[in-house]
Amino acid sequence: MRKRSFIEGAAVLAFAGLLAKVLGAIFRIPLTYIIGAEGMGLYQMAYPIYSFLLVISSAGLPVAISKMVSERMAYGDYAGAYRVFRVSLTLLACLGILTSTLLIAFSGMISSVLGNPKSVYSILAIAPALFFVSVLSAFRGYFQGMQMMSPTALSQIVEQSVKLFMGLLLAWLFVGRGIEFGAAGAVLGVTLSEIAALILLLGIYRRKKEDLGEEIRRKAVKENLGVCYGEPVHEIIKKLGNIAVPVTIGASLMPLVGLIDGMIVVNRLMSIGGAGTAASYTVEEATSLYGLLTAYANPLINFPAILTVALAMSIVPSISESCALGHQKAVAHKAAVAIRLTLLVGLPAGVGMSVLSHPIIRLLYRALDDSQAVLAGNLLSVLSFGVVFLTLIQSLTGILQGVNRAAVPVKNLAIGALFKVVTTYTLVGIPQINVLGAAVGTVVCYAIASLLDFSAVIRYTNAFIPFTDFVVKPIVAVGIMATAVSVLYRVLESVVGLTLATTLSIIAGILVYGLALLVMGIIRENDFRFLPGGDKLGRVLYQLRIFR
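Numbering of residues begins from 1 in every chain and follows the order in which that chain's sequence is written. Since the coordinates come from a predicted model, pLDDT governs what is reported: local features require at least 70, and pairs of side-chain atoms require 80 or more to be given and counted, while whole-chain, interface and lining totals use all residues. As a rule here, side-chain values come from all non-hydrogen atoms in the structure, and water together with hydrogens is ignored.

Points about the overall build of the chain
Line of reasoning, step 1. A helix here means a DSSP run of H or I that spans at least four residues, while a strand means a run of E at least two residues long, and both kinds are numbered starting from the N terminus. Counting secondary structure elements, the chain contains 21 helices and zero strands.
Line of reasoning, step 2. Relative accessible area decides the class of each residue, using a 1.4 Å probe on protein chains only: under 20% of the type maximum gives buried, over 50% gives exposed, and in between gives partly exposed. Among the 548 residues that make up the chain, the fraction classed as buried is 56%.
Line of reasoning, step 3. Contact definition: two residues touch when any of their heavy atoms are within 4.5 Å. The contacts of the chain with a sequence gap of at least 6 include a subset with a gap of at least 24, amounting to 80%.
Line of reasoning, step 4. In short, Shrake-Rupley with a 1.4 Å probe defines the accessible areas, and a residue's cover is counted only from the protein chains shown. Surface exposure of the chain reaches about 22,700 Å², of which carbon and sulfur atoms provide 67%.

Structural notes on the packing of helix H14 (residues 357–364) against helix H15 (residues 370–383)
Line of reasoning, step 1. Two elements in contact, H14 and H15, have axes separated by 8 Å at closest approach and are oriented at 130°. As judged from the angle between their axes, H14 and H15 are oblique. Read as a crossing pair, H14 and H15 show a hand that is right-handed. Seen from H14, the contacting residues are Ser357, His358, Ile360, Ile361 and Arg362; seen from H15, they are Ala373, Val374, Ala376, Gly377, Asn378, Leu380 and Ser381.
Line of reasoning, step 2. Charged residues are taken to be Asp, Glu, Lys and Arg, nonpolar residues to be Ala, Val, Leu, Ile, Met, Phe, Trp, Tyr, Cys and Pro, and polar residues to be all remaining types, Gly included. Looking at the contact of H14 with H15, its residues break down into six nonpolar, five polar and one charged. A fitted line through C-alpha atoms represents every axis, and for helices the fit uses only the stretch in contact; the resulting angles, taken between N-to-C directions, go from 0 to 180 degrees. Angle categories are assigned with fixed cut-offs, so that under 35 degrees is roughly parallel, over 145 is roughly antiparallel, 65 to 115 is roughly perpendicular, and the rest are oblique. A crossing counts as left-handed when the near helix is turned anticlockwise from the far one by less than a right angle, and as right-handed when that turn is clockwise.

Here's the deal with the pattern of salt bridges
Line of reasoning, step 1. What makes a salt bridge here is a side-chain nitrogen of Lys or Arg within 4 Å of a carboxyl oxygen of Asp or Glu, nothing more. Taken as a whole and judged by the stated rule, the model has three salt bridges.
Line of reasoning, step 2. The shortest N-O distance in the salt bridge between Arg362 and Glu493 comes to 3.4 Å. On the criterion of sequence distance, the pair formed by Arg362 in helix H14 and Glu493 in helix H19 (residues 467–496) is long-range, its members being 131 residues apart.
Line of reasoning, step 3. On the basis of relative accessible area, Glu493 is assigned to the partly exposed category, the value being 31%.
Line of reasoning, step 4. The residue Asp469 makes a salt bridge to Lys473 at a minimum N-O spacing of 3.4 Å.

What about unusual backbone geometry?
Line of reasoning, step 1. Although it is not a glycine, Asn434 sits at a positive phi angle of roughly 40°.
Line of reasoning, step 2. By the element assignment, Asn434 lies in the loop between helix H17 (407–428) and helix H18 (436–461).
Line of reasoning, step 3. The residue Asn462 is not glycine, and still its phi comes out positive at about 60°.
Line of reasoning, step 4. Assignment of secondary structure puts Asn462 in the loop between H18 and H19.
Line of reasoning, step 5. The class for Asn462 is exposed, based on a relative accessible area of 63%.

Let's talk about the nonpolar core
Line of reasoning, step 1. We call a set of buried residues a nonpolar core when its members are Ala, Val, Leu, Ile, Met, Phe, Trp, Tyr or Cys and they connect through side-chain atoms within 4.5 Å of each other. Residues Leu31, Tyr43 and Ile399 are the most contacted members of the largest nonpolar core, which totals 114 residues.
Line of reasoning, step 2. The biggest single contributor to this core is helix H1 (residues 6–58), with 13 residues.
Line of reasoning, step 3. If sequence neighbours within four positions are ignored, Leu31 has contacts with Gly36, Met40, Tyr43, Leu168, Ala171 and Ala186.
Line of reasoning, step 4. Core analysis: the second largest hydrophobic core is formed by 31 residues, Leu61, Ile65, Phe85 and Ala138 among them.

Next up, the structure:
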């Protein structure tokens, strides 16, 4: 079985993630037409609850599985890797049953606390998904530990495809009974999508049993090759817990903060007067504003994070393997490469999205009226500043998990989350700022956590980060890109219209930024050899005398 470099694995996951995000965006756009801003608010109210319980049942264990499997694979211990998977699968299935049951049992109380009892239907619709995602996560963690990223990538595409078709269909069928039922139908599509993804991975697993080591395990036991198949279950669970618990706590922080956000934003808006008026927001108005933040603006800032999420998933087993073998120079090099790639993606994505925030909102969400589109654009413009920090958090967390420092990013994110809660509560309470305060709080959270994580990575990996090459030059390239995009959009909008002007401006921004990286020597020929098909592209650029 050929091992991919962690960048190749990240590229595979990034492509799938991009496609999945595109499908997710396609899903949300018609969904806004079907259930409206209030329905999107109800849809989003169910998600923080689901996400919070989901991380409890499945966020930390897949990382732990991936790490422990990769460490055993570094020594050729296929049997030990397989045993880790079997124990983890059982544990995750039990946790999935527990969290699904809890969500169903307390759905009514949770919807009341959120400030809108109508959200109970969406919560009930998504509850069964917790079980299926938990089992799905065990398979993904095992495949990733074997440094096989394609099964995870395929399952993500299936997930989003089923959600797209079934979610829209069920929302359309149920919305006639009321907005709350339309939102619940859309959420039920999520549950069905997880079932479909699990069926896919079960099929892949059955076809690849020999590659995954089951046959090797049997041969090793039969021939007494001295592998660790006899490792006690309680020892495996203990080791899984040592890795999974801090990761789970860290992963639960943002969904928990999202849950707190839901309570703060809606209830805080209802307690204040709107800008220029003494009247308080009604529950429908507050829910709609919360929907603009969470369903329209927030998802867009996650697009640039596709690569860094993939990078983090790929870097954990890769760095864990180097750590297990004692290759410290390899750890430092991989950490530096991951940070460099993250900055090269996060900086232009955040700035470019901020420059084109209003056109992007108007292009994607034509169902919004003028005032809603302006507010959503303002929210996106503010949130875009957090993109570079969010992407850094994801990559830096993967690095720290790989070097057995999983508790460090948890502490740092908790500090950032505390600042977010305080900032959100304070700013949302100011009528002139209102829901924009929640966006500012998100940026503050990401900025603080990422800077603390960066300091920790340098300390624990000794990675060499040249400031000029990693920060100064990319910022200059981003400045050139932002100027070109801003000027081009203003020229094109009155000539070719919103859709074509926005699309061409985005394409031009990517090309200008890429050219600036090449001309300034930020991207070098050797960088391409890590990517699938990169050798051919590097040779083409060399023939064009881009490289010398």
